[in-house]
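# Fold and contact review
The residues making up each chain are set out below.
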Amino acid sequence: MKLNKFTVSFEQQDMHFLKKHGFFKASSMVKKHYKQHNTPFIYDTYQLANELRIFHKDVFELSKNIRKHYKLIMLRKKNGGLRYIYSPDANLKHAQLQILKNILNNIKISPYATAYVKGKNLKDNAKPHTNHKYLLKMDITDFFGSITYLQVLSTAFNRKRFPTQIGAMLSSLCCLNDVLPQGAPTSPALSNIVMKNFDDIIGAWCKKRNITYTRYCDDLTFSANSPLYNAYIKVKNMLEERGFELNEEKTKFITNSSSQRVTGLTVNEKVSIPKEYKRQLRQEVYYAIKYGLADSIVKGNKSEYINYGKPNIHSYFSHLEGKIFYVLQIEPDNTWFVKAAEKLNDRFCYEIKSTQCT
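Since we're looking at a predicted model, the values are computed, not measured.

What counts, and where the lines are drawn
- Residues numbered from 1 in each chain as written.
- Predicted model: local features only at pLDDT ≥ 70, side-chain atom pairs only at ≥ 80, totals over all residues.
- Heavy atoms only, no water.
- Phe/Tyr/Trp six-rings, centres within 6.5 Å; stacked < 30°, edge-to-face > 60°.
- Helix = DSSP H or I, 4+ residues; strand = E, 2+ residues; numbered from the N terminus.
- Buried < 20%, exposed > 50% of the residue type's maximum accessible area, 1.4 Å probe, protein only.
- Contact = heavy atoms within 4.5 Å.
- Arc of directions from axis to C-beta.
- Pairing = 2+ DSSP bridges.
- Axes fitted to C-alpha atoms, helices over the stretch in contact; angles between N-to-C directions.
- Polar contact = N/O pair within 3.5 Å; in protein donor to acceptor, adjacent residues only side chain to side chain.
- Parallel < 35°, antiparallel > 145°, perpendicular 65-115°, else oblique.
- Left-handed = near helix turned anticlockwise from the far one by under 90°.
- Nonpolar A, V, L, I, M, F, W, Y, C, P; charged D, E, K, R; others polar.

### Section: the packing of aromatic side chains
Under the criterion given, the structure shown has 18 aromatic pairs. Arranged with centres 5.6 Å apart and planes meeting at 35°, the rings of Tyr 112 and Tyr 213 form a pair that is tilted. Of the two residues, Tyr 112 sits in the loop between α5 (90-102) and α6 (122-126) while Tyr 213 sits in strand β6 (residues 212-216), which places them 101 residues apart along the sequence. By relative accessible area, which is 3% here, Tyr 213 ends up buried. Here Tyr 213 and Phe 222 contribute two aromatic rings whose centre-to-centre distance is 4.9 Å and whose plane-to-plane angle is 20°, an arrangement assigned as stacked. Phe 222 gets classed as buried once you look at its relative accessible area, which sits at 0%. The rings of Phe 10, Phe 17, Phe 23, Phe 24, Phe 41 and Tyr 43 are connected pair by pair, giving a single aromatic cluster.

### Focus on the environment of Val 30
Mapped onto the secondary structure, Val 30 falls in helix α2 (residues 23-36). For the pair Val 30 and Asp 219, spaced 189 residues apart in sequence, the C-alpha separation works out to 39 Å. Apart from the residues lying within four places of it in its own chain, the contact partners of Val 30 are Met 1, Val 8, Phe 10, Phe 17 and Phe 41.

### Examining helix α4 (residues 56-64)
For α4, the complete set of buried residues consists of Val 59, Leu 62 and Ser 63. Angular distribution of buried residues about the axis of α4 spans 90°; they occupy a single face of the element. The outward face of α4, more than 90 degrees from its buried face, is lined by the exposed residues Lys 57 and Lys 64. Each element contacted by the buried residues of α4 is listed here: α3 (45-52), α5 and α8 (164-174).

### Description of the sheet that holds strand β7 (residues 219-224)
The strand order across the open sheet formed by four strands is β6-β7-β5-β8, and the pairing between neighbours is antiparallel. At either margin of the open sheet sits one strand with a lone partner, and together these are β6 and β8 (252-255). Averaged over all adjacent pairs, the angle separating strand axes in this sheet is 15°, with direction ignored. Sheet topology note: the strand β5 (residues 134-139)/β7 ladder contains six bridges and is antiparallel.

### Notes on the side chain of Ser 296
One can find Ser 296 in helix α13 (residues 293-299). A polar atom in the side chain of Ser 296 sits 2.8 Å from the backbone oxygen of Gly 292. Beyond its immediate stretch of four places on either side in the chain, Ser 296 contacts Tyr 287, Ala 288, Lys 302 and Tyr 316.

### Structural notes on the packing of helix α12 (residues 275-291) against helix α14 (residues 313-330)
Contact geometry of α12 with α14 gives a least axis separation of 11 Å together with a crossing angle of 140°. The orientation of α12 relative to α14 falls into the category oblique. Between α12 and α14 lies a crossing of left-handed hand. Of the residues in α14, those touching α12 at Tyr 277, Leu 281, Glu 284, Val 285 and Ala 288 are Tyr 316, His 319, Leu 320, Lys 323, Ile 324, Tyr 326 and Val 327. Here the residues of the contact of α12 with α14 sort into nine nonpolar, one polar and two charged.

What follows is the structure, encoded as C-alpha cells:
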C-alpha cells in the first residue's frame, strides 16, 4: 500500500485485508496506524510476506521451523572459554534483514544506548565520562541470551504496532529457543529496544544525581565526582528485576588516580587510545614498513598469517591497516599513524608488485 497526505492506495498483497474491512475502514485503519507509528502497517500474513520480500508460504515455514535455519559456530574466547554464534541461513537472514531495515530501525531507542546506533562509535560511548573522579563499569552476563521471546514481543512487536499473530510471527523469526540468538542481524537492534525502558529510567535517576550513564551493548558505564556505590545497588536490583545477571568479576570501581578506561578507551582527561596499545602497534607497524610484511610474519612467528607454508601478506596488511584506522578513528590528528598508514600501503604494494596499486 501507499499513503500520501489524503489517500491510501492498496496493492495486490492488501486484497485480503481490503476484502475483510472494506475500503473506507481499511483506509482509516492505515491512516491511524501511521499517525501513531513509524513502523509499516502489517495486518495479515500476505502483507507480512510482502514486507519481508518472501513468498507467503515461506512466512509460515520459517517461523515454525526456526531451528533448522541456524548453524551453530563455536569460537574460542581469549580466556579459553567458548562463544556460541548462531548463524542464520540465507533465507532466514534475508527475512531478518528486512525486519531490521523496515521495522526495527524505525523504533526509537534510548539516547543512553550507544552500540549498534548509526553514526555512533566507541568514542561516543567513552567521551561523556572524561574528567570524572569516579568511574563504575558493569557488565551483563550472557546479554543476548537473557533477552526473552516475551520481552521481544512486548517491546518491539507488541499489539500497539501489530496484530497478535503478526507480532508473534515476527518475534519467532528473531528468536531461537525463546531468546535472542547471538549472530542474527536483528539481535543488536532488538536488544536496544528491549533495554529502552531500563536505559531511560536509570538515565533519569542518574541525571538527578549528577551521574553520567551510557550503555554499550552489555557494558554499562557510570561516572561522577562522588562515589558510585548507590548506583551499583540501584542498577543491580533493576537488572535482576528484569531477568538479567551482573558479571561481578567485571564490576570495577575506578578513581582518576588510576587509568580509567571505557570500552577500551582512556578517559582520565580526554578520550584516547591506551598508551601501551599504541606503543605495541607502533613497533609492529615500524618493523613491517622497514623489513617487510612477509619478514614480519615469519620472524615474528605469526602463524595465523601463514597459509600452506607461505606468509599471507594480504591478510596481515588488512590486520595492521584495521588497527591503524581504529587509532585514527579515536585520534584523527595522530600524525605518526597518519604517515604510517601511507608508508604501510606503499610497502604492501611494493611487496605484491601489483599494477593495480597506486
